[in-house]
Amino acid sequence: MNAIEERVALNEALFREVNENIRKVSGDGRHLDAQFVCECGETSCEARIGMSMDQYHAVRANELHFFVKPGHEIPLAEAVVERHDRYVVVEKPPELRPLLHGDQD
């Protein structure tokens, strides 16, 4: 794992935590749009992504997947696995799994 991949993974894991809190306060409205924080690796990003809870849960079904605003992909640190109108799903390399859970030493 290189330094760029590690930094991006840590930033994205932080944004994932923020989005989990947004999901919790948004209730269980399965088809309502909520405004989530872009999970890109750029710490200064303030972009919001509107998606339904169903879409949110579909991304979360794979712990290596994150959603970012189109154009916020970082090819050196992740692979694009899906493209949608309002967001892109990126996948982190499996060796970064411990960082995504805050399990770093």
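The preceding data block contains the structure.
Residues numbered from 1 in each chain as written. Predicted model: local features only at pLDDT ≥ 70, side-chain atom pairs only at ≥ 80, totals over all residues. Heavy atoms only, no water.

Some details on the overall build of the protein chain
Inclusion rule: The numbering of helices and of strands both runs from the N terminus, where a helix is a DSSP run of H or I of at least 4 residues and a strand a run of E of at least 2. Per-residue accessibility, obtained with a 1.4 Å probe over protein chains only, is compared with the maximum for each type, and a residue is labelled buried under 20%, exposed over 50%, and partly exposed between these values. Residues count as neighbours in contact if any of their non-hydrogen atoms are within 4.5 Å of one another. Each accessible area value is a Shrake-Rupley result obtained with a 1.4 Å probe; residue values ignore everything except the protein chains displayed when judging cover.
In terms of regular secondary structure, the protein chain is built from three helices and five strands. Counted from the first residue to the last, the protein chain has its helices and strands arranged as α-β-β-α-β-β-β-α. The 105 residues of the protein chain split such that 42% are buried. In the protein chain, 54% of the contacts between residues at least 6 apart in sequence involve partners at least 24 apart. Accessible surface computed for the protein chain: about 5,800 Å², of which carbon and sulfur atoms make up 51%.

Comments concerning the nonpolar core
Which entries qualify depends on this criterion: Take the buried residues of types Ala, Val, Leu, Ile, Met, Phe, Trp, Tyr and Cys, join any two whose side-chain atoms come within 4.5 Å, and each joined set is a nonpolar core.
Formed by 21 residues in total, the largest nonpolar core has its most connected members in Phe36, Cys38, Ile49, Met51, Phe67, Val68 and Tyr87. Contributions of two or more residues to this core are made by helix 1 (3-25), strand 1 (33-37), strand 2 (48-52), helix 2 (53-60), strand 3 (65-68) and strand 5 (88-91).

Let's talk about helix 2
We count it as follows: Within this analysis, the arc is defined by the directions that extend from the helix axis to the C-beta atoms.
Buried within helix 2 we find Met53, Tyr56, Val59 and Arg60. All buried residues of helix 2 fall inside an arc of 125° around its axis, so they share one side.

Some details on the pattern of salt bridges
Definition in use: Here, a salt bridge means any side-chain nitrogen of Lys or Arg that lies within 4 Å of a carboxyl oxygen of Asp or Glu.
All chains considered together, the criterion is met by three salt bridges. The partner of glutamate 39 in a salt bridge is arginine 60, and the shortest N-O contact between them spans 2.2 Å. Linking glutamate 39 in the loop between strand 1 and strand 2 with arginine 60 in helix 2, this pair joins segments that are 21 residues apart in sequence. We classify arginine 60 as buried; its relative accessible area is 16%.

Some details on the pairing of strand 3
Cut-off, in case you're wondering: Two strands form a pair only when DSSP identifies at least two bridges running between them.
Side chains His65 and Phe67 project from strand 3 onto one buried face, and the interleaved Phe66 and Val68 project onto a second face that is buried too. Direction of pairing for strand 3 relative to strand 5: antiparallel, over a ladder of four bridges. The residue of strand 5 that forms the bridge with histidine 65 is glutamate 91.

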